[in-house]
Amino acid sequence: MMPDVPTTVRAARAIQADRSVAALDRRLNGDHLPRRPSWECRTCERDWPCDPARVRLAEAYGRDRVGLSMYVGGLLFAATAELPATPPAELYERFVAWTR
């Protein structure tokens, strides 16, 4: 649970995270999807997003890097809740930093 964050903000972030996760199958064409709650790739068994998933996500967003960053930020929120032992900075590097 996030301290000092209003309940409405937490709820909005949770809704966005759920929508981001729900759209994964469509964005990745059913391949290189995460196994949850471990967030490992179902196909190559590496930490997700794996390189093939990153390529497909980047292709799906084309030149819209801001949209891509926002999308994976929603996934980061979901992963943070499911991987509480993983340092947040590590999850940020894994989920968002590659979009720069």
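Residues numbered from 1 in each chain as written. Predicted model: local features only at pLDDT ≥ 70, side-chain atom pairs only at ≥ 80, totals over all residues. Heavy atoms only, no water.

## With respect to the pattern of salt bridges
Phase 1 of the analysis: Enumeration over the complete set of coordinates arrives at four salt bridges.
Phase 2 of the analysis: A salt bridge links Asp31 to Arg56; its shortest N-O distance comes to 3.1 Å. Residue Asp31 is found in the loop between helix H2 (24-27) and strand S1 (34-35), and its partner Arg56 is found in helix H3 (residues 51-61); the two are separated by 25 residues along the sequence.
Phase 3 of the analysis: When its relative accessible area of 27% is taken as the criterion, Asp31 is described as partly exposed.
Phase 4 of the analysis: Judged by relative accessible area, which is 28%, Arg56 ranks as partly exposed. (Salt bridge = Lys/Arg side-chain N within 4 Å of Asp/Glu carboxyl O. Helix = DSSP H or I, 4+ residues; strand = E, 2+ residues; numbered from the N terminus. Buried < 20%, exposed > 50% of the residue type's maximum accessible area, 1.4 Å probe, protein only.)

## Here we look at the environment of Leu57
Phase 1 of the analysis: Relative to the helices and strands, Leu57 resides in helix H3.
Phase 2 of the analysis: The exposure class assigned to Leu57 is buried, which follows from its relative accessible area of 0%.
Phase 3 of the analysis: Residues Leu57 and Arg100, 43 residues apart in the sequence, show an inter-C-alpha distance of 13 Å.
Phase 4 of the analysis: Setting aside its immediate chain neighbours within four residues, Leu57 contacts Arg27, Leu28, Trp48, Leu68, Tyr71, Val72 and Trp98. (Contact = heavy atoms within 4.5 Å.)

## Describing the confidence of the model for the protein
Phase 1 of the analysis: Residues at a pLDDT of 70 or more form 94% of the protein, whose mean pLDDT is 89.
Phase 2 of the analysis: Per-element averaging of pLDDT across the protein places helix H1 (residues 7-22) at the bottom with 77 and strand S2 (residues 40-41) at the top with 97. (pLDDT = per-residue confidence, 0-100.)

## Here's the deal with the packing of aromatic side chains
Phase 1 of the analysis: Applying the stated criterion to the full structure yields four aromatic pairs.
Phase 2 of the analysis: For the ring pair Trp48 and Phe95, a centre distance of 6.1 Å and an interplane angle of 55° mean the geometry is tilted. Taken together, the residues span a long stretch of sequence, with Trp48 in the loop between S2 and H3 and Phe95 in helix H5 (residues 88-95) at a distance of 47 residues. Here the two residues Trp48 and Phe95 agree in accessibility, since each one is buried.
Phase 3 of the analysis: Clustering of aromatic rings is evident, with ring pairs tying together Trp39, Trp48 and Phe95.
Phase 4 of the analysis: Directly above the ring of Tyr71 sits Arg27, whose terminal nitrogen or CZ lies 4.7 Å from the centroid. (Phe/Tyr/Trp six-rings, centres within 6.5 Å; stacked < 30°, edge-to-face > 60°. Lys NZ or Arg CZ within 6 Å of the ring centre and 35° of its normal.)

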